[in-house]
Amino acid sequence: MQQIAFLGAGIMGTAMIRNLLKAGFPVTVFNRSDAKARALEPFGATVAASPANAAAGADVVMSMLIDDAACRACWLGPQGVFDAALDPETVLIECSTASRDWIGELAARAGERGLRFLDCPVAGRPDVAVEGKLNMFVGGDAATLEIVRPVLSAFTKSITHFGPAGSGIAFKLIYNVLGAIQVASLAEAMFAAEAAGLDLAAAANGFATGNTASPHIIRHAQYMALNRHEDPVQFSGRNRIKDIMYGVQLSESVGAQSDIGRAAANVFAQMIPLGMGDRNDSELIDALRIVHGRPPAVKPRDGR
Ligand SMILES: NC(=O)c1ccc[n+]([C@@H]2O[C@H](COP(=O)([O-])OP(=O)(O)OC[C@H]3O[C@@H](n4cnc5c(N)ncnc54)[C@H](OP(=O)(O)O)[C@@H]3O)[C@@H](O)[C@H]2O)c1
């Protein structure tokens, strides 16, 4: 079995690591906060004190970190992956939703060392990650993908190869902007329905059964109608803004536009000064209530 070094035991990384262990892969985990890595020991993971220690001797080094800064620290920082004496056969994989600029830089650094690299971001929320059914978008060499396909299959239900390095993250960012726009516009629509005196459960049902229905709209309309949001937080407002801005940057860098993406980022940005940046994206409706002088929801609408 290929030896895996995995950087990042956050909510997504933990689910991916557990599925790798379940599939029989030996996994060495590094996480900035040691406790989250230690929590994986009972499932068979080995814990490393640094990314370099995790990567030493690994066949595959992969990361699932929050953003460019976290990725840079773990791959290129002191005691980062590139400080390790890596075998030339090692495959480096970036699963994080980072910027395309970062992916380009990491791919170039891997190339300078003669190492193979794939960008492999994923779509699917943490419950989907637990089930091992993420959708993955891959950029990089097709032959390299075949070497690591058994590893990636441990936590995915589909793997789509888009082309050379950078193309997986390009699709993921475009995809995430579209998803974020749906959530932001749903929050505005639900808040408008409430302000117009309409019943929110009926509005959620209307959106979920009409041409507006998408998995995002169906799920998030329920959270907003019931005032019952995910606990623990599954995807925060701050992360929505991060993803949108990487996506806007990508679109504009290739001569496309993302006016609606920018607008969605501005809508989510209202959560930040209210101290709601780390709350669920669906709680955006509460930020709109506060901004427009209405009381935020304080208890579940169904009274439980
Ligand atoms: N949640 C979702 O629904 C979802 C779905 C698809 C893709 N994603 C993407 O998956 C990635 C991980 O998201 P998540 O939901 O798992 O987030 P998370 O639970 O907040 O985990 C973030 C991870 O990044 C690490 N990290 C943050 N800042 C760091 C730094 N400066 N240096 C080193 N490590 C740092 C954290 O370490 P600590 O534990 O020490 O903080 C943790 O391991 C993100 O790129 C996200 O966009 C998320």
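What comes next concerns the included structure. Predicted model only: the values in this text are computed from it and were never measured.

Definitions and limits used
- Residues numbered from 1 in each chain as written.
- Predicted model: local features only at pLDDT ≥ 70, side-chain atom pairs only at ≥ 80, totals over all residues.
- Heavy atoms only, no water.
- Near = heavy atom within 4 Å.
- Polar contact = N/O pair within 3.5 Å; in protein donor to acceptor, adjacent residues only side chain to side chain.
- Areas by Shrake-Rupley, 256 points an atom, 1.4 Å probe, with all protein chains shown as cover.
- Helix = DSSP H or I, 4+ residues; strand = E, 2+ residues; numbered from the N terminus.
- Nonpolar A, V, L, I, M, F, W, Y, C, P; charged D, E, K, R; others polar.
- Phe/Tyr/Trp six-rings, centres within 6.5 Å; stacked < 30°, edge-to-face > 60°.
- Buried < 20%, exposed > 50% of the residue type's maximum accessible area, 1.4 Å probe, protein only.
- Axes fitted to C-alpha atoms, helices over the stretch in contact; angles between N-to-C directions.
- Parallel < 35°, antiparallel > 145°, perpendicular 65-115°, else oblique.
- Left-handed = near helix turned anticlockwise from the far one by under 90°.
- Contact = heavy atoms within 4.5 Å.

Structural notes on the site of the ligand
Point 1. Taken together, 25 residues surround the ligand, and among them Ile11, Asn31, Ser33, Lys36 and Lys242 come closest.
Point 2. The separation between an oxygen atom of the ligand and a polar main-chain atom of Ala9 is 3.5 Å.
Point 3. Contact with the protein chains covers 85% of the free accessible surface of the ligand, which is 910 Å².
Point 4. Taken together, the elements giving at least two residues each to the shell around the ligand come down to α1 (11-22), α4 (68-76) and α11 (237-253).
Point 5. Split by residue class, the shell around the ligand holds 11 nonpolar, eight polar and six charged.

Focus on the packing of aromatic side chains
Point 1. As enumerated under the stated definition, the model contains six aromatic pairs in all.
Point 2. Ring geometry for Phe137 and Phe162: centres 6.1 Å apart, planes at 80°, overall edge-to-face. Placement of Phe137 in strand β8 (residues 134-140) and of Phe162 in strand β9 (residues 156-163) is noted, with a sequence separation of 25 residues between them.
Point 3. Here the aromatic rings of Phe137 and Tyr175 are separated by 5.4 Å at their centres, their planes lie at 55°, and the arrangement is tilted. Of this pair, Phe137 sits in strand β8 while Tyr175 sits in helix α8 (residues 167-195); the two residues are 38 residues apart in sequence, bridging distant segments of the chain.
Point 4. With a relative accessible area of 6%, Phe137 lands in the buried category.
Point 5. An aromatic cluster of three or more residues is present, and its members are Phe137, Phe162, Phe171 and Tyr175.

Structural notes on the packing of α8 against helix α9 (residues 200-209)
Point 1. The N-to-C vectors of α8 and α9 enclose an angle of 140°; their axes lie 9 Å apart at closest approach. As the angle between them shows, α8 and α9 are arranged oblique. As for how α8 packs across α9, the hand of that crossing is right-handed. Contacts between α8 and α9 involve Leu186, Ala189, Met190, Ala193 and Glu194 from the former and Leu200, Ala203, Ala204 and Phe207 from the latter.
Point 2. A breakdown of the residues in the contact of α8 with α9 according to their chemical character gives eight nonpolar, no polar and one charged.

A word on the side chain of Thr144
Point 1. Structurally, Thr144 can be placed in helix α7 (residues 142-152).
Point 2. Overall, the relative accessible area of 2% leaves Thr144 in the buried class.
Point 3. One polar contact links Thr144 to Asp141, side chain to side chain, over a distance of 2.9 Å.
Point 4. Those residues in contact with Thr144 that lie beyond four places of it in its chain are Val91, Arg116 and Leu118.

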